[in-house]
Amino acid sequence: MDKSSTKPEQKQPNGSKILSKPRIFIGLLLILISVILSLSFISYLLQWRADQSQAGTMLDKSVKSSNLFGKLGDWLGNIFIFESIGVAAFIVAFLVFVLGMLILKKRIVKPWKTVGHSLFFICWLPIFLGAVTKGQGVLSGVYGYQIMDFLNSVIGSVGLWIVIAASIIFYFVLEFNLRPSAVKAKLDRLNQYTIDRVKTIMPASEEPFEADEELEEIAQDGNDLPKTTPVTPLVTPPNEPLKAIVPQDFPEVQVANVLETIATPNRTSFENDMPNISVEEESTLSLNLKPELTTAKPLSSKVPVAANDVAFNVEIAKEQPEEWDDSAKKSQELVEKHGLYDHKLDLPGFKFPPIDLLKEHGNEEISINKEELEENKNRIVGLLKNFNVGIAEIKATIGPTVTLYEIVPEAGIRVSSIKKLQDDIALNLSALGIRIIAPMPGKGTIGIEVPRKNPTMVSMRSVIASQKFQNTDMELPVVFGKTISNEIFMADLAKMPHLLMAGATGQGKSVGINAILTSLLYKKHPSELKFVMVDPKKVELTLYSKIERHYLAKLPDSEDAIITDTHKVINTLNSLCVEMDQRYDLLKNAFCRTIKEYNGKFTERKLNPENGHRYLPYIVLVVDEFADLIMTAGKEVEHPIARLAQLARAVGIHLIVATQRPSVNVITGMIKANFPARAAFRVISSVDSRTILDSPGADQLIGKGDMLYFNGNEILRLQCAFVDTPEVEKIVDYIGSQKAYASAFLLPEVVGDEGGNGPADFNPNDKDPLFEDAARIVVSTQQGSTSMLQRQLKLGYNRAGRIMDQLEATGVVGGFNGAKAREVQISDQNSLEQFLEDLRKG
């Protein structure tokens, strides 16, 4: 084998290296990637509004991209520019290009210095652009806007600009070595160097020249200079220009006025005898000497203008402040004139309900029964020892209703061998609700939860009055109760973002809903929160009708805000979907990603109400019995619920769905996938527990508010706070007695399956040719079914559905009735013929 084939690089006779093929391929590939990144970024910046909406649809063939590199370019622009560092992403493309050139042995810049400069601009350029644009557009990216917003909230706008200016000054000080001592040393060394150079080209009899003052000004921008450099005269032709020998690291300094004259008694002999100073390392120094010291003609005719004939003005360029756009100026003027927008002005005197409306349910301090603890500990240790399970350590944590025993098994003990003993431990302790957690999340222990003989009630008053709840900064704080360690447990509904609740009858599910609603009523102003309540049982949420004009939302034509009719539920859910789409349009026009950002801009008067912008309250949809809706309406309820769960989080619409029967045909996979937060009270079987929590355990609870909360990561056992019906009634009476809005919050009107109510909504010109035949079939069979029209008239589903809508609009059939057929309003054929005759004349 040829030895040369084993070497990646060889040297040619002239000294250049031959690159291996993998090295060439990798270098060219990196350069190509940098070009693709740059072009993708440029195309994204030109079409970012369209490309942003397509960033997550790479596999959708129906969506077309306007980027040069298609959906790949959209994705690259979204990742690097919108969600990361803004226009600083071009620096990443530049670094990839530099890396490719280095691999190809083409060193165009200093690598480590380039990396240092790039990291500085990647860190600070997005923050600077975020401060300039105030988050508008994509120049700063999410990184720049978030860091700018954090600094602005901590140190204010003035402090933010001071930090940015300080970073820029610090960069220039380090880059150009502008420390005072270094600048002074440079000036001194440049001055000494100039004097030495002048002395070398002067005759011994002449006095030294003085350096021009302009040279000292220009020297401030120079780099480090050597103190002295010996000059060696060489024999050169007499008419060659004067040059000086300078070191390699001396910068090239060009001065406007070139050396013109040299004073000497005999100019001709001086020109003939003048030594020529050669150039080394391609660095030159041109000197400007005072013209008044000379009287001879210039040596070179290239610069015929004298220094005194040219006016020389020095002006330092200053950064011009970027002009604000008209909208920013206008919003600033409005804020200065009227202050920030206050969404509470419609109800300025509204008062939150006092804590005294809630009852105290006895002493809630946990009493320690040492005898019970010791007895349970001995039973657990003895039982495990009987099954050859050794324990190295055991610890007890006492909660309101449950005591947690944490055990550390000896080395070599399998965790599964302990989990199998759950029923044996329950039998030995003579207790219900034994739950084994093996292992404990984040701990090297195994937990055994044992119910207490004398549990302690957790009242709603104790958790509402706590400092943790009163001082919380959550958007939608929901307080559930207390944990096993007797700590108050809270969660932010805005971050859940939806909650799925399940539990058998009488296990505390309705009390849990009241606890959630009560905690929100104690924390949010009516202008900030609205409820859409669906109560198929018609008795659970009726109390809240007293706060209809404060906190509830409903359809424009609805009489009651508490929805109990299945047909109205469908229209309400579709109306919420329309509200969600309208809110997304508002956020898109305002360049906001969340409702919090949007309301912040509206409060700062940056959004014009004449363009449709308004303050957006949070909307919480509460469904008390979801299983009944699925039974009566089926897919017509499931689809809008799933759509709201998928998309409505960012626009402030959140769902709380409760059901008594957590079976798979009620809580489908589509619903479970969009409800990461789940609360399970006691259920009947482990199958129901797996349906709601994806794990067993809810069937081992003891009831009376004992619950498991799953936040997507871990399962927590809680004791739900108890709030009685009289307490809720006092709260809503207190709120309802205060000044309210003129009406409830109105949702968008939706034209649903319930069409018109009579011939007034029917246009005879649009009547289907088979309309009368369909009416006769419906009346003769007394069955208003779309599928029947399909079979009888051999129509497609769409046309049969349109004919059914026309029959409903003319009053032949009634409204949509879920899975049942529509009610036929005309009883016989004679009445139908008379009706059709009147319809033709009309």
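Rules and cut-offs
Residues numbered from 1 in each chain as written. Predicted model: local features only at pLDDT ≥ 70, side-chain atom pairs only at ≥ 80, totals over all residues. Heavy atoms only, no water. Helix = DSSP H or I, 4+ residues; strand = E, 2+ residues; numbered from the N terminus. Buried < 20%, exposed > 50% of the residue type's maximum accessible area, 1.4 Å probe, protein only. Contact = heavy atoms within 4.5 Å. Areas by Shrake-Rupley, 256 points an atom, 1.4 Å probe, with all protein chains shown as cover. Pairing = 2+ DSSP bridges. Axes fitted to C-alpha atoms, helices over the stretch in contact; angles between N-to-C directions. Phe/Tyr/Trp six-rings, centres within 6.5 Å; stacked < 30°, edge-to-face > 60°. Salt bridge = Lys/Arg side-chain N within 4 Å of Asp/Glu carboxyl O.

Some points on the overall build of the protein chain
Here is step 1: Scanning the protein chain from N- to C-terminus turns up 28 helices and 17 strands.
Here is step 2: The burial tally for the protein chain puts 45% of its 842 residues in the buried class.
Here is step 3: Long-range contacts, defined here as pairs at least 24 residues apart, represent 69% of the contacts in the protein chain between residues at least 6 apart.
Here is step 4: Total accessible area on the protein chain is roughly 45,200 Å²; 54% of this is exposed by carbon and sulfur atoms.

Describing the sheet that holds strand 4 (residues 402-409)
Two orientations exist for strands paired in a sheet by backbone hydrogen bonds: parallel and antiparallel.
Here is step 1: What the four strands build is an open sheet, ordered 3-4-6-5; its pairing is antiparallel. Each end of this open sheet is capped by a strand with a single partner; those strands are strand 3 (391-398) and strand 5 (435-437). Across the sheet, the mean angle separating the axes of adjacent strands is 20° when strand polarity is ignored.
Here is step 2: Alignment of strand 3 against strand 4, held across seven bridges, turns out to be antiparallel. When the sheet's bridge partners are listed, Ile391 is paired in strand 4 with Pro409.
Here is step 3: The strands that helix 11 (residues 370-386) touches are strand 3, strand 4 and strand 6 (446-451); relative to strand 4, the one it contacts most, it runs at about 40°.

Description of the environment of Leu555
Here is step 1: Structurally, the position occupied by Leu555 is in the loop between strand 11 (553-554) and helix 18 (566-589).
Here is step 2: Counting along the chain gives 23 residues from Leu555 to Val532, while the straight-line C-alpha distance between them is 9.8 Å.
Here is step 3: Those residues in contact with Leu555 that lie beyond four places of it in its chain are Lys568, Asn571, Thr572, Ser575, Leu746, Leu747 and Pro748.

Topic: the sheet that holds strand 15 (residues 706-710)
Here is step 1: Strand order across the open sheet formed by nine strands is 8-7-16-15-14-9-13-12-10, with mixed pairing between neighbours. Two strands lie at the open edges of the sheet, namely strand 8 (488-492) and strand 10 (529-534), each paired on one side alone. Adjacent strand axes in the sheet meet at a mean angle of 30°, parallel and antiparallel pairs treated alike.
Here is step 2: Where strand 12 (residues 618-623) meets strand 13 (residues 653-659), five bridges bridge the pair, whose relative direction is parallel. Note that in strand 13 the partner of Val623 across the bridge is Val657.

Quick word on the packing of aromatic side chains
Here is step 1: Scanning the model with the defined rule gives 10 aromatic pairs in all.
Here is step 2: Arranged with centres 5.6 Å apart and planes meeting at 80°, the rings of Phe350 and Phe352 form a pair that is edge-to-face.
Here is step 3: By relative accessible area, which is 10% here, Phe350 ends up buried.
Here is step 4: Consider the rings of Phe480 and Tyr709, whose centres lie 5.2 Å apart with planes at 40°: the pair is tilted. With Phe480 in strand 7 (residues 477-483) and Tyr709 in strand 15, the pair connects residues that are 229 residues apart, well separated along the chain.
Here is step 5: Residue Tyr709 is classed as buried on the basis of its relative accessible area, which comes to 4%.
Here is step 6: Ring-pair connections join several aromatic residues into one group, and the members of that group are Phe350, Phe352, Phe531 and Tyr551.

Considerations on the pairing of strand 15
Here is step 1: For strand 15, a buried count of five out of five residues is recorded, marking the element as mostly surrounded by other parts of the structure.
Here is step 2: Residues Asp706, Leu708 and Phe710 of strand 15 are buried on one face, and the alternating residues Met707 and Tyr709, pointing to the opposite face, are buried as well.
Here is step 3: Count of turn residues in the strand 15/strand 16 (residues 715-720) antiparallel hairpin: four residues, of which Gly712 carries a positive phi of about 100°.

Section: the pattern of salt bridges
Here is step 1: What the rule picks out here adds up to 30 salt bridges.
Here is step 2: Between Arg717 and Asp706 there is a salt bridge, and its shortest N-O distance comes to 2.6 Å. One end of the pair, Arg717, is in strand 16; the other, Asp706, is in strand 15, with 11 residues separating them in the sequence. Per residue, the accessibility class of Arg717 equals that of Asp706, and both read buried.
Here is step 3: Each of Lys767, Glu772, Asp773, Arg776, Glu833, Glu837 and Arg840 takes part in salt bridges that share partners, so that together they form one network.

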